[in-house]
Amino acid sequence: MLYSTLLAVGPNTFSWSPKIALIMIICNIVAIAFAKFTVKYPSVGPAMPGSNFFGGFGVAGVLATTSFGHILGAGVILGLANIGSL
């Protein structure tokens, strides 16, 4: 009984669409731009092949900023889904 009630409370999620992909891309760009101005040593560690596309970050910096971008993007997508904008 309690299990079926908990399943009914779950968030409304959407399947992949170009609109959701665009939101995730924008959130990753925002995360890279935010990190560009806040990270003290951005190029520590191995360099990326096209580091100018990633704000001059090394591999660790790119992984960290895109991880933050995906967390930010998931929150934005879920928030927009909950208010009915998607």
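Thresholds applied
- Residues numbered from 1 in each chain as written.
- Predicted model: local features only at pLDDT ≥ 70, side-chain atom pairs only at ≥ 80, totals over all residues.
- Heavy atoms only, no water.
- UniProt positions renumbered as here; feature names shortened; annotations may be inferred.
- Helix = DSSP H or I, 4+ residues; strand = E, 2+ residues; numbered from the N terminus.
- Expected span 1.5 Å × (residues − 1).
- Buried < 20%, exposed > 50% of the residue type's maximum accessible area, 1.4 Å probe, protein only.
- Contact = heavy atoms within 4.5 Å.
- Patch = residues over 30% accessible without salt bridge, like charges linked within 9 Å, V, L, I, M, F, W, Y side chains within 5 Å.
- Areas by Shrake-Rupley, 256 points an atom, 1.4 Å probe, with all protein chains shown as cover.
- Salt bridge = Lys/Arg side-chain N within 4 Å of Asp/Glu carboxyl O.

- The protein chain is annotated in an unreviewed UniProt entry as Photosystem I reaction center subunit PsaK from Okeania hirsuta.
- Comment text from UniProt for the protein chain, heading Sequence similarities (unreviewed entry), reads "Belongs to the PsaG/PsaK family."

Re the UniProt feature "transmembrane region" (unreviewed entry) in the protein chain
Part 1: Residues given the UniProt feature "transmembrane region" (unreviewed entry) here are residues 20–39 and 51–81.
Part 2: Taken as a whole, residues 20–39 contains 95% helix and 0% strand, while its terminal C-alpha atoms sit 28 Å from one another.

Points about helix α3 (residues 59–83)
Part 1: Under the 1.5 Å per step criterion, the end-to-end length of α3 is 36 Å for 25 residues, consistent within 8% with the ideal 36 Å.
Part 2: Within α3, the full set of buried residues consists of Gly61, Val62, Thr65, Gly69, Gly73, Ile77 and Ala81.
Part 3: Buried residues along α3 sit in contact with α2 (18–38).

Considerations on a nonpolar patch on the surface
Part 1: On the surface, a cluster of nonpolar side chains totalling about 260 Å² of accessible area is made up of Leu22, Ile26 and Val30.
Part 2: Relative to the assigned elements, Ile26 resides in helix α2.
Part 3: Classification of Ile26 as partly exposed rests on a relative accessible area of 45%.

Structural notes on the side chain of Thr65
Part 1: Residue placement: Thr65 occurs in helix α3.
Part 2: Setting aside its immediate chain neighbours within four residues, Thr65 contacts Asn28, Ala31, Ile32, Ala35 and Phe57.

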